[in-house]
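Notes for the structure review
Single-letter residue listing:
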Amino acid sequence: MSEEHKFVTLDYREYPPEEMKQRAEAFYKDMDRRRTVRDYTDREVPLEVIENAVRTAGTAPSGAHKQPWTFVLVRDPEIRQKIREAAEVEEKESYQHRMPQTWLDDLAPLGTDWHKPFLTTCPAFIVVFAQNYAVEEGAKKKHYYVQESVGIAVGMLIAALHNAGVATLTHTPSPMGFLGEILERPDNERAYMLLALGYPVSDCKVPDLERKGLEEILRVV
Ligand SMILES: Cc1cc2nc3c(=O)[nH]c(=O)nc-3n(C[C@H](O)[C@H](O)[C@H](O)COP(=O)(O)O)c2cc1C
């Protein structure tokens, strides 16, 4: 510990082993119910809920604590319409010309195509921007492990929204340059992901997917 850099006492909580196991299991079971939702009602999600989910995302670890993320909450119907139109132009091109047949085959079970109605039916979406570098007093400052850091923050954002009962859809129109243009983001930011959010329509259907079991994803050595 150096004298010029301050340290504070860690706010750590240890749970008794039984409680630890219960918490781990309860969290897993709740997260296992999370599904990507593509059909939304237009009901507003309380702003405070979204703000706290973004605060949660902002607690993510990041390379050298640079926190290289910006979350743009898009609620304005006109901007959402503009983004939907631009996304559908790119997605139509992708589905019709850019994606190889193997990719289209992999997407077939999800029932997706180039139409993106959720961008205007859901009450809001968050466009996550990755800051490739910072600009301080006109000078570029380095950011580290930007992709990894923003990925972790988005995962925490999705978990926080799910925990509050808000459904999400991870959308990655490709290429995504139009998001930075429409939302007038600075040059150091690149659109990373769009997260639609809201309430699912009643009797919402989702693809019947299976998740890999623990034996397939965990190796203990
Ligand atoms: C990086 C990433 C990009 C995705 N892009 C899209 C997308 O553009 N459109 C879409 O409908 N779903 C998209 N998804 C959602 C996946 O299709 C979905 O997570 C997967 O089918 C598993 O379903 P589940 O989320 O319900 O478990 C994306 C997911 C991730 C992680």
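A short tour of the structure in this document, coming up. (Residues numbered from 1 in each chain as written. Predicted model: local features only at pLDDT ≥ 70, side-chain atom pairs only at ≥ 80, totals over all residues. Heavy atoms only, no water.)

**Re helix H3 (residues 77-98)**
Cut-off, in case you're wondering: What counts as a helix is a DSSP run of H or I of at least four residues, what counts as a strand is a run of E of at least two, and both are numbered from the N terminus. Multiply 1.5 Å by the residue count of a helix minus one, and that product is the helix's expected span. Whether a residue is buried, partly exposed or exposed follows from its accessible area with a 1.4 Å probe, protein chains only, as a fraction of its type maximum: under 20%, in between, or over 50%, in that order. In this description, the arc belongs to the directions extending from the helix axis to the C-beta atoms. Two N or O atoms count as a polar contact when they lie within 3.5 Å, although within protein this holds only if one can serve as hydrogen donor and the other as acceptor, and sequence-adjacent residues are included solely when both atoms are side-chain atoms.
With 22 residues, H3 ought to run about 32 Å at 1.5 Å a step, and its terminal C-alpha atoms sit 29 Å apart, in line with that. Inspection of H3 places Arg80, Ile83, Ala87, Glu88, Glu91, Ser94 and Tyr95 among the buried residues, and these make up the whole buried set. The buried residues of H3 all sit within an arc of 145° when viewed along its axis, so they share a single face. The exposed set on the far side of H3, more than 90 degrees from its buried face, consists of Glu78, Lys82, Val89 and His97. Of the residues flanking the start of H3, the one acting as N-cap is Asp76, its side-chain oxygen 2.7 Å from the backbone nitrogen of Glu78.

**What to know about the side chain of Thr70**
Relative to the helices and strands, Thr70 is located in strand E1 (residues 69-74). Side chain to side chain, Thr70 and Gln131 meet in a polar contact 2.8 Å long. A polar contact is formed between the side chain of Thr70 and the side chain of Glu189, at a distance of 2.8 Å.

**Details of the site of the ligand**
We apply this condition: By convention in this text, a residue qualifies as near a molecule or strand provided that one of its non-hydrogen atoms is within 4 Å of it. Calculation of accessible area relied on Shrake-Rupley with a 1.4 Å probe; when residues are assessed, cover is drawn exclusively from the protein chains displayed.
If you check the shell around the ligand, you find 13 residues, and the closest are Arg35, Thr36, Arg38, His171 and Arg211. At a separation of 2.9 Å, an oxygen atom of the ligand approaches a polar side-chain atom of His171. Burial of the ligand by the protein chains amounts to 67% of its free accessible area of 620 Å². Considering every element that reaches the shell around the ligand, the biggest residue donor is strand E5 (residues 167-171), with three residues.

**Focus on the layout of surface pockets**
The gaps of empty space that remain are located by a probe, the size of a water molecule, rolled over the atoms. The condition is simple: In this analysis a 1.4 Å probe is tested at points of a 1 Å grid over the protein atoms alone, and where it fits but cannot get out there is a cavity; an open set with protein on both sides within 12 Å along at least five of seven lines is a pocket; lining residues have an atom within 4 Å of a point. Grid points are joined across faces, edges and corners, and a volume is the space filled by probe spheres set on the points.
A volume near 540 Å³ is recorded for the largest pocket. Around the largest pocket sit 23 residues that line it, and Glu91, Tyr95, Thr112, Lys116 and His171 are the ones nearest its centre. Counting only elements with at least two residues in the lining of the largest pocket, the list comes to H3, helix H4 (101-107) and E5. When residues in the lining of the largest pocket are grouped by element, the largest group, four residues, is from H3.

**Structural notes on a nonpolar patch on the surface**
Inclusion rule: Distance thresholds for patches are 9 Å for like charges and 5 Å for nonpolar side chains (Val, Leu, Ile, Met, Phe, Trp, Tyr), applied to residues having over 30% relative accessible area and no salt bridge. Any Lys or Arg side-chain nitrogen found within 4 Å of a carboxyl oxygen on Asp or Glu counts as a salt bridge.
Judged by side-chain polarity, Leu214, Ile217, Leu218 and Val220 come together as a nonpolar surface patch covering roughly 430 Å² of accessible area. Here Ile217 shows up in helix H8 (residues 214-217). Among the residues examined, Ile217 registers a relative accessible area of 58% and is labelled exposed.

**Section: the pattern of salt bridges**
Pairs may arise between side chains of opposite charge once their charged atoms sit close together. Applying the stated criterion across every chain, the model contains ten salt bridges. Between Glu90 and Arg98 there is a salt bridge, with its nearest N and O atoms 2.7 Å apart. Across the pair Arg185 and Glu189 runs a salt bridge, and its minimum N-O distance is 2.7 Å.

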